[in-house]
Amino acid sequence: MLYDWIKALHVISLIAWMAGMLYLPRLFVYHASLPPGAEAQSATFKVMERRLLKAIMNPAMIATWAFGLALAWMSGFYASVWLQAKFVLVLAMSGIHGWLARMVKDFAADRNTRGHKFYRVLNEVPTLLMIGIVILAIVKPGL
């Protein structure tokens, strides 16, 4: 019964984390598209980006990791190749998270040097990682 509760909390935290991972680069697209002199709009985006990162994404990522590691330990799957491959993809997702957090700081300090097209492409990376993670978690292929 405890395993099922931890799995449910893992999925809930993952959904929250992925919502942020997909939305934050979209905010960057809009923020980077602002015309010069749009300080009020830029300030609004800075607040939205910071709150999304600090109030949703960071806690959700921590919870996803904590519940996921608990599930791996409780199930004994930690020795499985599929879970080790999933772990690599989740590490990559966490790296992207860290990179996005750095970009939030750059936008906050008005140091962004990238255009909206860069963020449109970046927005697809978490999606591709998520697809791989979900396939590994559900199908559990014998790699």
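Residues numbered from 1 in each chain as written. Predicted model: local features only at pLDDT ≥ 70, side-chain atom pairs only at ≥ 80, totals over all residues. Heavy atoms only, no water.

If you check an unreviewed UniProt entry, the chain appears there as Protoporphyrinogen IX oxidase from Methylobacterium radiotolerans. Quoted straight from UniProt, the Pathway (unreviewed entry) entry for the chain says "Porphyrin-containing compound metabolism; protoporphyrin-IX biosynthesis; protoporphyrin-IX from protoporphyrinogen-IX: step 1/1." (UniProt positions renumbered as here; feature names shortened; annotations may be inferred.)

Novice: What should I look at first to understand the UniProt feature "binding site: heme" (unreviewed entry) in the chain in this one?
Specialist: Under the UniProt annotation, the feature "binding site: heme" (unreviewed entry) is placed at H10 and K86. With the annotated positions falling across 77 residues, the maximum pairwise C-alpha distance of 14.3 Å places them together in a single cluster. As for the lining of the largest pocket, the annotated residues named previously contribute H10 and K86. A residue is classified by how much of its surface remains accessible, and H10, at 11% relative accessible area, is buried. Not counting chain neighbours up to four residues away, the residues in contact with H10 comprise T64, F67, G68, L71 and K86. Relative to the helices and strands, K86 resides in helix 3 (residues 81-108). A residue is classified by how much of its surface remains accessible, and K86, at 15% relative accessible area, is buried. Beyond its immediate chain neighbours, meaning those up to four positions away, K86 contacts H10, I133, L136 and A137. (1 Å grid on protein atoms, 1.4 Å probe; cavity = no way out; pocket = protein on both sides within 12 Å on 5 of 7 lines; lining within 4 Å. Buried < 20%, exposed > 50% of the residue type's maximum accessible area, 1.4 Å probe, protein only. Contact = heavy atoms within 4.5 Å. Helix = DSSP H or I, 4+ residues; strand = E, 2+ residues; numbered from the N terminus.)

Novice: Looking at this structure, I do not really get the UniProt feature "transmembrane region" (unreviewed entry) in the chain. What am I missing?
Specialist: Per the UniProt record, "transmembrane region" (unreviewed entry) is annotated on residues 6-24, 55-75, 81-100 and 121-139. Annotation note: span residues 55-75, helix share 100%, strand share 0%, distance between end C-alpha atoms 30 Å. Between the first and last C-alpha atoms of residues 121-139 the distance is 28 Å; the span itself is 89% helix and 0% strand.

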